[in-house]
Amino acid sequence: MAALSGAVAAAASVVLLALSGWFITGAALAGVAGVAAAQAFNYLLPAAAIRLLAILRTAFRYLERISGHAAALQALANIRPRLFASIAAAPPHQALALSGGEASARMVQDIDAIESLFVRLSNPWAAFAAVLGGLSLAALAGPGPAVALAIAIAVAASLGRLLAARLAAAPSAAIQTTTGELKDIVAALVAAAPEVRAYQLEAWAIAKIDRRGEALGRAKVERARAQGRIAAVQSAIAGLAVAVVIALSAGAAPQLAALAGLAAIVALELVAGAVKSAEQDGAVAEAERRLDPLLVHAGAGEIAPMRRAPTVGLDGQTFRAGDRVLITGPSGAGKTTRLEQLLALRAGAGSSPMIGGCEVADLPAGIARACFAYAPQDAALLAGTIRENLLLAAPTADDQQIWVALQDAALDGQVRAMPRGLDSWIGENGARLSGGERRRLSLARAYLRPAPWLMLDEPTEGLDAWTQALVLSRLSSRLDRTGQGLLMVSHTESPRLKITRRLRIEATRPVPGAGVTMETPSQA
């Protein structure tokens, strides 16, 4: 619909301007010829045709915009969820290596570049209609004007696309990549804003952002210069072509010369518009290059909650349904790593964890994750409400189930005291909550998930002694009520939990001289 509408609008534009030139020139000549010629001049028919063409051009241009953008938005409505699903289904080393800034760049500007491709799909049809109309009208003034216009159109189209590829493709691609780099560094520094301020590193952070911003600015300036050069070449070709067409129309009537000249102007203008869209091909190609590797994974689909708890094997021990397992060990020994391996969030090193007698590496990730309700040590919270964050674990949970989970996490009193209760806004990553409240909100979210095993990583870290005792007491009562198994990483043990099994992770001996080299502010 967009292509056909664009073709009609383009043809109407060419004929409208050409007919207007013919009409104005003919009326002027009739007026100069005298009263008799002026009275004999038929102005009603061309005036009506001009109005009709103006209406057609406006209506079909509007229809082209509506249908073209509707098609593009429908395509994006499929691409963005598919991209997210593919990233979620990707292997951990790929999915979790994508930073927040890079993920945002892929989801926003890369897909926006693809949107421009969909919107531009109707441009060749409009350009073809304009060329056909322009050549037909120029031919009325003779074969010479038509041939000259055809040569000018061929030169403008080929030279325009060549210049777009040579001049605009590289800076357009650079804009895509440097925007991602800028978003990446800004997201990282915003997340570390308290530390940046505490250590008085604002100038260092600003300098890092400035370097990416300047690179992005240079790419945009280079693209703008390329666009200016291409526009100048197109304008020069159009001006020369119109002059030649009018000169070759000297043997025809003045009205037909005006008609041919104005038809050439519109035809070349619409061809230049189609060529201009080629300036974005570099950005589209770069967006495709960045998106294609992320769109190859198919989602596992919905995994039904498990009704029976499978056995869990870790470091040679097997834990059964209802076991309460305390995982201890020195910092850096790999306790959190073991949990992430069970969740198929990290590739196993050495012996692979087991679920139901099968290695996690041999199981679909969705099945492994359906076994556990996970509360990580550093839980991520949405910029949303209490309710929205909790419903991530159980989208169909009702208010009663939510309040039970909050009570078990010893957070119900604080939420009830908030002005809007469950619909209270918690800010970016729970910025309006205290550290202990964020941890207990993550715990309540894990409680809501229907899974046979609870997997908790330092669930009481940072809580005062009284709150810690209350959380552990209510956790024990919940386990008695639900019969869930427990895998809990903690440096301390509480008798309230009635731990039945213990697993100690010993630290591996570090390799001498091994380590991570970090860039210091002075080096930056």
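What counts as what
- Residues numbered from 1 in each chain as written.
- Predicted model: local features only at pLDDT ≥ 70, side-chain atom pairs only at ≥ 80, totals over all residues.
- Heavy atoms only, no water.
- Helix = DSSP H or I, 4+ residues; strand = E, 2+ residues; numbered from the N terminus.
- Rg over C-alpha atoms; globule rule 2.2 N^0.38 Å.
- Buried < 20%, exposed > 50% of the residue type's maximum accessible area, 1.4 Å probe, protein only.
- Contact = heavy atoms within 4.5 Å.
- Phe/Tyr/Trp six-rings, centres within 6.5 Å; stacked < 30°, edge-to-face > 60°.
- Lys NZ or Arg CZ within 6 Å of the ring centre and 35° of its normal.
- Core = buried A, V, L, I, M, F, W, Y, C linked by side-chain atoms within 4.5 Å.
- Axes fitted to C-alpha atoms, helices over the stretch in contact; angles between N-to-C directions.
- Left-handed = near helix turned anticlockwise from the far one by under 90°.
- Nonpolar A, V, L, I, M, F, W, Y, C, P; charged D, E, K, R; others polar.
- Pairing = 2+ DSSP bridges.
- pLDDT = per-residue confidence, 0-100.
- Polar contact = N/O pair within 3.5 Å; in protein donor to acceptor, adjacent residues only side chain to side chain.
- Salt bridge = Lys/Arg side-chain N within 4 Å of Asp/Glu carboxyl O.
- Expected span 1.5 Å × (residues − 1).
- Parallel < 35°, antiparallel > 145°, perpendicular 65-115°, else oblique.

Student: Please clarify how the overall build of the chain should be interpreted in this entry.
Tutor: Looking only at helices and strands, the chain features 18 helices and 9 strands. Here the chain has a C-alpha radius of gyration of 34 Å; the compact-globule value for 524 residues is 24 Å, and the former is much larger. Taking the principal axes of the C-alpha coordinates as reference, the chain spans close to 115 × 55 × 45 Å. Counting across all 524 residues of the chain, residues that qualify as buried make up 42%. Considering only contacts within the chain whose residues lie at least 6 apart along the sequence, 79% involve residues at least 24 apart.

Student: Explain the packing of aromatic side chains here, please?
Tutor: Each aromatic ring pair is characterised by the separation of its centres together with the angle its planes make. Overall, the coordinates contain 0 aromatic pairs when judged by the stated rule. Directly above the ring of W403 sits R416, whose terminal nitrogen or CZ lies 3.9 Å from the centroid.

Student: Please explain the nonpolar core as it appears in this structure.
Tutor: Formed by 39 residues in total, the largest nonpolar core has its most connected members in L406, L441, L454 and L475. Where this core is concerned, the elements lending two or more residues are β6 (372-375), α14 (386-390), α15 (399-408), α17 (435-448), β7 (453-457), α18 (465-482) and β8 (485-489). The greatest single-element share of this core, amounting to 6 residues, is contributed by α17. Beyond its immediate stretch of four places on either side in the chain, L454 contacts A373, A446, Y447, L475, L479, Q484, G485, L486 and L487. Counting 21 residues, the second largest nonpolar core, distinct from the first, contains L343, A344, V489 and L503.

Student: I would appreciate a short explanation of the packing of helix α5 (residues 100-119) against helix α7 (residues 143-191) in the present structure.
Tutor: Interhelical geometry of α5 versus α7 gives an angle of 150° and a closest axis separation of 8 Å. Once α5 is placed against α7, the crossing between them reads as right-handed. Note on element contacts: α7 touches α5 through Q176, T179, G180, E181, K183, D184 and A187, opposite G101, E102, S104, A105, V108, Q109, D110 and A113. Split by residue class, the contact of α5 with α7 holds 4 nonpolar, 6 polar and 5 charged.

Student: Is there a simple way to think about the sheet that holds β7 in this case?
Tutor: One key point about sheets: their strands pair by backbone hydrogen bonds, in either a parallel or an antiparallel sense. As summarised here, the arrangement of the 5 strands in space is β6-β7-β8-β3-β9, forming an open sheet in which the pairing is parallel. A strand with exactly one partner marks an edge of an open sheet, and here the two such strands are β6 and β9 (501-504). Adjacent strand axes in the sheet meet at a mean angle of 15° when their direction is disregarded. Bridging between strand β3 (residues 324-328) and β9 involves 4 bridges; their strand directions are parallel. Residue pairing for β9: V325 is matched across the bridge by R501.

Student: Looking at this structure, how should I read the confidence of the model for the chain?
Tutor: Do not read the predicted coordinates in detail wherever pLDDT is low. Residues with a pLDDT of 70 or more make up 94% of the chain, whose mean pLDDT is 86. Long-range and interchain partners of residues 510-524, a stretch whose pLDDT sits below 50, account for 8 contacts in this model, where long-range means more than four residues apart.

Student: What is the right way to look at unusual backbone geometry in this model?
Tutor: A negative phi holds for most residues other than glycine; trans holds for most peptide bonds. Its identity as a non-glycine residue notwithstanding, Q200 has a phi of 55°, on the positive side. As for its position among the elements, Q200 is in the loop between α8 (193-198) and α9 (202-248). In this model, A344 sits at a positive phi of 60°, which is unusual for a non-glycine residue. On the secondary structure map, A344 appears in the loop between α12 (335-342) and β4 (354-355).

Student: Mind showing me how you'd approach the sheet that holds strand β5 (residues 358-359) here?
Tutor: As summarised here, the arrangement of the 4 strands in space is β2-β1-β4-β5, forming an open sheet in which the pairing is antiparallel. Looking at strand neighbours, the two that pair on one side only are β2 (317-319) and β5, the edges of this open sheet. By the bridge criterion, 2 bridges tie strand β1 (residues 312-314) to β4 in an arrangement that is antiparallel. Looking at the pairing, V312 lines up with I355 of β4.

Student: What's the story with the side chain of Q176 in this structure? I'm lost.
Tutor: Mapped onto the elements of the fold, Q176 is located in helix α7. A distance of 2.7 Å separates polar atoms of two side chains, one belonging to Q176 and the other to D110.

Student: What's the story with the pattern of salt bridges in this structure? I'm lost.
Tutor: Taken as a whole and assessed by the stated rule, the structure comprises 16 salt bridges. It is possible to trace a salt-bridge network through shared partners that takes in R61, E64 and R65.

Student: Mind showing me how you'd approach α18 here?
Tutor: Count 3.6 residues to each turn of an α-helix, and residues three or four apart come out pointing the same way. The terminal C-alpha atoms of α18 lie 26 Å apart, and with 18 residues this matches the ideal 26 Å at 1.5 Å per residue to within 8%. Along α18, the residues classified as buried are T467, A469, V471, L472, L475, S476, R478 and L479. G483, located one to two residues past α18, shows a positive phi value of around 75°.

Student: Help me out: how do you make sense of the packing of helix α6 (residues 123-139) against α7 in this one?
Tutor: Helix-helix packing: each pair is described by the crossing angle between the helix axes and the interaxial distance. Relative orientation of the contacting elements α6 and α7 amounts to 155°, with a least axis distance of 7 Å. Considering their axes alone, α6 and α7 lie roughly antiparallel with respect to each other. Every pair of crossing elements has a handedness; the one defined by α6 and α7 is right-handed. Listed contacts from α7 to V131, G134, L135, A138 and A139 of α6 are P145, A146, L149, A150 and I153. Along the lines of polarity and charge, the residues of the contact of α6 with α7 split into 9 nonpolar, 1 polar and no charged.

Student: What exactly am I supposed to notice about α12 here?
Tutor: With 6 of its 8 residues buried, α12 lies for the most part within the structure. Of all the positions in α12, only K335, R338, L339, E340, Q341 and L342 are classed as buried. Positioned one or two residues after α12, A344 has a phi angle of 60°, which is positive.

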